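What the coordinates show
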Amino acid sequence: MKDSLFQRIKKRSCEVRYSIQNTGSSETGNLVVEVVPKYPFKKVSGSNLIENVGKLGRRYEDDRSKVVKFEMLVDNNVNAGQYPLEVLVYEQGNKDNVCISREFYIDVDSESNAEIESISLEKLVPGKKTNLSFVIKNVGNSPLKNAMFSWESTSDLVLPVGSSNVKYINFIDIDGNTTVDFQVLTNVNTKPGLYKLDMTLTYDDVEELQTITQAGTLENQKRKTIESKAGIYIGGGTDFDIVFVEQTMSGEYSFSISNIGNNQASSVTVSIPEQDGWSMSSGSNSVVLGSLQKSDYTLADFGLIPDNYGESLPLKFQIAYTSSDGEREIQDKELSVYASRPDASQSAVKSKSSGSVNNLLILTLALLGGAGFVLYKKKML
């Protein structure tokens, strides 16, 4: 008899087709073909590695040959190389009397496979250039070669700065990884929200189709593509600027608080924590400002008493607010403020001016009263 094996190794499975042909002058009995798997091959759950091919006719007859197919798994950790697969042929019920016992060597090519393991950025602040990193890991059993990674966002809301959105990777070893970096930016007027990021990774994938026939060995190389997506939040926090405006005659210090970032801030509160150099004269150490759109500002007054007058003293602030993504944020600020006493001379001038006005009013009323008395007396006469 004549036999041959057709094999196809694809990813983590092995498909084997065994062809048997009767070259003799008499019909065979009921034949059984059995595949005996050894490492790295193993049986697929629920499959059958024994096939009854029945009788084979004499040579030159149409029913003289049969082809049977078997499918097996290939161990995930196998290294590339040739591995033996034993095939037995015997008459049904008589396994002790084997007609054919052959070992066919099958070429196993370790599979290359990759995944995008992590992304460095979850939140992007509008108008702020940010580093976006992708970690690409080789999770296959052979080196990953000639890879190309690219990404794009919904409606191009996020764009790379200083480079394209494509990076090339020559080589990643087994269990290795590499990081590709991009500088990205989104428009300052982008509405806060969650947006989709589409990622594409392509690399060389070799599938071998090998047959022990006159066709010889055929290698088919092609590109493998992995597509995935992730969510990226655009929005988040903002920034503030605080400036000393004036000191009132009552001793209160007035400050301007501005939203200089690119996002709205809600429920803004500015407070002066307990610190060396300053104490509160009266009132609360916190002022509620409400919501501040970007570029908006408002004033906050605090009754403060410095430990020393006539010099600039550091004054610490805390600004708490709710960001556009609903998170409560706190910013610490420090400002140098000149500590001076309330202007007493202005108070004295104001008091003196008020007294002069009162005296003038009394004198005027007295004169008018005297003139009225004289006119009344003349009229009586």
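If you're wondering where the values come from, they're calculated on a predicted model, not measured in any experiment.

**A closer look at the sheet that holds strand E18 (residues 240–247)**
- The 4 strands are arranged E18-E19-E23-E21 in an open sheet whose pairing can be described as antiparallel. If you trace the sheet from one side to the other, it starts and ends with E18 and strand E21 (278–282), each paired once. Going from strand to strand, the sheet's axes swing by 45° on average, the running direction of each strand aside.
- For strand E19 (residues 252–259) and strand E23 (residues 297–306), the ladder comprises 7 bridges, and the chain directions are antiparallel. Among the inter-strand pairings, Ser258 is bridged to a residue of E23, identified as Tyr297.

**A short note on the side chain of Thr28**
- Take Thr28: it is sitting in the loop between strand E2 (13–21) and strand E3 (31–36).
- Here Thr28 falls in the buried class, since its relative accessible area comes to 15%.
- A polar contact is formed between the side chain of Thr28 and the backbone nitrogen of Leu56, at a distance of 2.9 Å.

**Topic: the packing of aromatic side chains**
- Applying the stated criterion across every chain, the model contains 12 aromatic pairs.
- Ring geometry for Tyr253 versus Trp278: centroids 5.5 Å apart, planes at 85°, classification edge-to-face. Of the two residues, Tyr253 is situated in strand E19 and Trp278 in strand E21; the sequence distance between them amounts to 25 residues. Across the pair, exposure class does not vary: Tyr253 and Trp278 are buried alike.
- Among the aromatic residues, those joined into a ring-pair cluster are Phe244, Tyr253, Phe255, Trp278, Phe302 and Phe317.

**A few points about the pairing of strand E11 (residues 130–138)**
- In terms of residue burial, E11 counts as a mostly covered element, since 7 of its 9 residues are buried.
- One ladder, built from 5 bridges, connects strand E9 (residues 114–119) with E11; its direction is antiparallel. The residue bridging Ile119 from the neighbouring strand is Phe134, located in E11.
- Looking at chain direction, E11 and strand E15 (residues 177–186) are connected through 8 bridges and run antiparallel. Residue pairing for E15: Leu132 is matched across the bridge by Phe182.

Criteria and thresholds
- Residues numbered from 1 in each chain as written.
- Predicted model: local features only at pLDDT ≥ 70, side-chain atom pairs only at ≥ 80, totals over all residues.
- Heavy atoms only, no water.
- Pairing = 2+ DSSP bridges.
- Helix = DSSP H or I, 4+ residues; strand = E, 2+ residues; numbered from the N terminus.
- Axes fitted to C-alpha atoms, helices over the stretch in contact; angles between N-to-C directions.
- Buried < 20%, exposed > 50% of the residue type's maximum accessible area, 1.4 Å probe, protein only.
- Polar contact = N/O pair within 3.5 Å; in protein donor to acceptor, adjacent residues only side chain to side chain.
- Phe/Tyr/Trp six-rings, centres within 6.5 Å; stacked < 30°, edge-to-face > 60°.

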